[in-house]
2 protein chains.
Amino acid sequence: MSRPRPSAALSAALAAIAPADAESARAAERRLANLAIPPGGLGRLGALAVRLAGSAGRCPPPRPTCPVLVVAAADHGVHVHGVSPWPQGLTAAMAATLAEGAAAGNALARAVGARVRVLDAGIAEPPIRAAGLRRAGVRAGAGDLAAGPALAPEEADAAVRAGIATAEEALAEGADLLVTGDMGIANTTSAACLVAALTGRRAHDVVGPGAAGPAADLPAKRALVDAAVARADLDGDDGLGALTAFGGLEHAALAGVCLAGARARVPVLLDGVSAVAAALVAVRLAPATVDHLVAGHRSPEPGASVGLAALGLDPLLDLAMALGEGTGALLAVPLVAAAAGVLTEVRTLEDLASAGWPLS
Amino acid sequence: MSRPRPSAALSAALAAIAPADAESARAAERRLANLAIPPGGLGRLGALAVRLAGSAGRCPPPRPTCPVLVVAAADHGVHVHGVSPWPQGLTAAMAATLAEGAAAGNALARAVGARVRVLDAGIAEPPIRAAGLRRAGVRAGAGDLAAGPALAPEEADAAVRAGIATAEEALAEGADLLVTGDMGIANTTSAACLVAALTGRRAHDVVGPGAAGPAADLPAKRALVDAAVARADLDGDDGLGALTAFGGLEHAALAGVCLAGARARVPVLLDGVSAVAAALVAVRLAPATVDHLVAGHRSPEPGASVGLAALGLDPLLDLAMALGEGTGALLAVPLVAAAAGVLTEVRTLEDLASAGWPLS
């Protein structure tokens, strides 16, 4: 199979993505060192503040006040192989529940002050009823990745652009922190294929039970993933090829969310294995994207840790959450806001000395 | 030395503390199992929701909307032995900075919507200027724990009660989540003694560099702690005796905050090693207190992990922060609010099926 090329529209988006600004990051490091805090006392929060400054190209970085969760939902032809115990119809039901505000992703979004956008990136059911749900209109569910390519190259490209468009709509309305969420019955199988193909690892290292829990038939899922990855025979840097081979449409859309954030120099918080797989695709398409990503939560799915290591990212949280919908990443939103805030709001030791405190 | 007995006022407070309500916790487990979430998908957030229900004695537990950070500040006679590179005057300067809203604890409190109360539990400097700072009025700094008891038993008792009074004032104004914070130059030495004495461990296991960072003289600090703990020769359940032997006044006050939260069935978020040492004291005074504690952040100080293990608590965050002021615990506030919220706001699978979604 020849390697797919990005469309002109997608190529233009990719070309506009710039890496972190090293001078802004250095300025943040200097500022941190002067605060009335023991050296290194902010730990990983300090490192996050430096990363945010580099991503924004400003020191201090803007403090996010308008986080937006984008949940991309789609179905998967590979569901017919029994990789999930859940009925495919749950994707549509949960997408509607998310649009109506009654899912776990909504509860956690409210807890951290985030708005929620739901994108039907490719749900198999007929268009669902919920108001406020956007539709990508690319395809009603990815094909069976075990039988052949899950998507046509043009479909993968269009789904990435649908994710970009959804994120850009949020950015135009003021979003200053993007949070990735996914909903898609059977989508950890696609995600495992994406991670394996883009990191050169075998199924043994990247396949987990997903939402099946202890009931999962891991040997069968691993065999399916290894066979699909072997058949596709991709280059490890072929992001669009990997999306074409394995789907899903939600992974493509979330790759678009990562790209849109990077282009706008707005940080993108990654959730679990589907978001990590999407981030790998985005970074293969435009390597500078990685400088604008922040890992929110370490999913128990082994593919998430493999993908994060390949991206050089260490998650802020490790709460053993495994339900998608952006829930893990949402809980990291306050950490991002706090990291940005601490750089601007804390007095320096010089301030204290010049105020007359006996510090020497 | 005879074992100190709590005053009548403190004894009355201790007697009013009840353990978790098992029926409320079971009700939360049942509720979790019915949500439209994969089994176990909420991970540690689900376990936290169950713990909050048990602590509150209600299911669903109330969702905290008014978190309050109580920062207790005090000085330490052991400072003369060079256990900290920082001048003692920094305690007063930082307490004033906290009261004025310009310290790291304030920045992170704002980031998570918490109010801040600062208690001068025993600062050595003359009364400081900041408005809004409460004074315990017990003693201006603990004595040198290396030379003899740091406090008189009546002083330790009074400082615990000052912490209770400060927390109860916050509770009366609507606080529904208490967050522990500390400020006290040299206080990791007192904290290490408290943890060692109350867990039966040696200094090697509990002494870290504190705010000294890599410059710390750990062998000297360990020798000082081992000698002090050996001389005090306490029973491992003698919380008031440990406060008397080692101080500090801020540890006593934070033990009071733990006790006040437990009595009111309001959860108390623990910060670093000083808060953990204070929690050990509180739990030795009233064992049921532990059911109302939530560990916020794993301090790099080894005594924090030893103390948390003795309390049976596993922190929500591990961000390598080491600056006190409640900063680590504050970042866990949104997780507590989210855990409580998720139980009430998420639809059940039965809801989806009865709404006509094709789920079987």
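Nothing here was measured: the structure is a model prediction, and the numbers come from that model.

It is worth spelling out helix α11 (residues 249-264) of chain B at this point. Residue and element names in this part refer to chain B. Spanning 16 residues, α11 covers 23 Å between terminal C-alpha atoms, matching the ideal 22 Å at 1.5 Å per step. For α11, the tally of buried residues reaches 14 of 16 residues, placing the bulk of the element in the interior. Note on α11: the residue one or two positions beyond its end, Arg-265, has a positive phi of about 55°.

Turning our attention to the side chain of Glu250(A). Residues and elements named next belong to chain A. Assignment of secondary structure puts Glu-250 in helix α11 (residues 249-264). Lacking a salt bridge, the buried Glu-250 has Arg-139 as its closest oppositely charged neighbour, with an N-O distance of 11 Å. Discounting chain neighbours no more than four positions away, the residues touching Glu-250 are Ala-72, Ala-73, Ala-74, His-76, Ala-121, Asp-182, Met-183, Gly-184 and Asn-187.

Residue and element names in this part refer to chain A. Structurally, chain A comprises domain 1 (8-61 + 343-354) and domain 2 (67-335). Distance between the C-alpha centres of domain 1 and domain 2: 28 Å. Opposite the 20 residues of domain 1 that make contact, domain 2 presents 24 residues. For the pairing of domain 1 and domain 2, the buried interface totals around 1,800 Å² over both sides, and the portion due to carbon and sulfur atoms is 61%. Interface area lost by domain 1 to domain 2 is led by Leu-10, Ile-17 and Arg-44, which between them contribute 33%. Our count for the contact surface shared by domain 1 and domain 2 stands at 1 salt bridge. Linking domain 1 with domain 2 are 10 residue pairs in polar contact (both at pLDDT 80 or more). Secondary-structure elements contributing two or more residues to the side of domain 1 that touches domain 2 are α1 (8-15) and α3 (43-56).

Time to look at the interface of chain B and chain A. Note: interface size is frequently given as the accessible area lost on complex formation between the parts. Contact with chain B, which involves 55 residues of that partner, is made by 55 residues of chain A. Where chain B abuts chain A, roughly 4,600 Å² becomes buried across the two surfaces, and 69% of that area is made up of carbon and sulfur atoms. Between chain B and chain A we count 4 salt bridges in total. Remark: the boundary between chain B and chain A carries 10 residue pairs in polar contact (both at pLDDT 80 or more). When contributions to the side of chain B that touches chain A are tallied by element, the ones reaching two or more residues are α3 (43-56), α4 (89-100), α5 (104-112), α15 (333-345) and α16 (349-354) of chain B. With 8 residues, α4(B) is the single largest residue contributor to the side of chain B that touches chain A. A per-class count over the side of chain B that touches chain A returns 40 nonpolar, 6 polar and 9 charged.

Residues and elements named next belong to chain B. Applying the stated rule across the entire model yields 40 salt bridges over all chains. As a salt-bridge pair, Arg-44 and Asp-314 come within 3.9 Å of each other at their nearest N and O atoms. Note that Arg-44 is positioned in helix α3 and Asp-314 in the loop between α13 (302-311) and α14 (327-330), a separation of 270 residues in sequence. Judged by relative accessible area, Asp-314 falls into the partly exposed class, the value being 46%.

How each quantity is defined
Residues numbered from 1 in each chain as written. Chains lettered and ligands numbered in written order. Predicted model: local features only at pLDDT ≥ 70, side-chain atom pairs only at ≥ 80, totals over all residues. Heavy atoms only, no water. Helix = DSSP H or I, 4+ residues; strand = E, 2+ residues; numbered from the N terminus. Expected span 1.5 Å × (residues − 1). Buried < 20%, exposed > 50% of the residue type's maximum accessible area, 1.4 Å probe, protein only. Lys, Arg positive; Asp, Glu negative; His and termini not counted. Salt bridge = Lys/Arg side-chain N within 4 Å of Asp/Glu carboxyl O. Contact = heavy atoms within 4.5 Å. Domains from an automatic or database assignment. Buried area = accessible area lost by both parts, 1.4 Å probe. Polar contact = N/O pair within 3.5 Å; in protein donor to acceptor, adjacent residues only side chain to side chain. Nonpolar A, V, L, I, M, F, W, Y, C, P; charged D, E, K, R; others polar.

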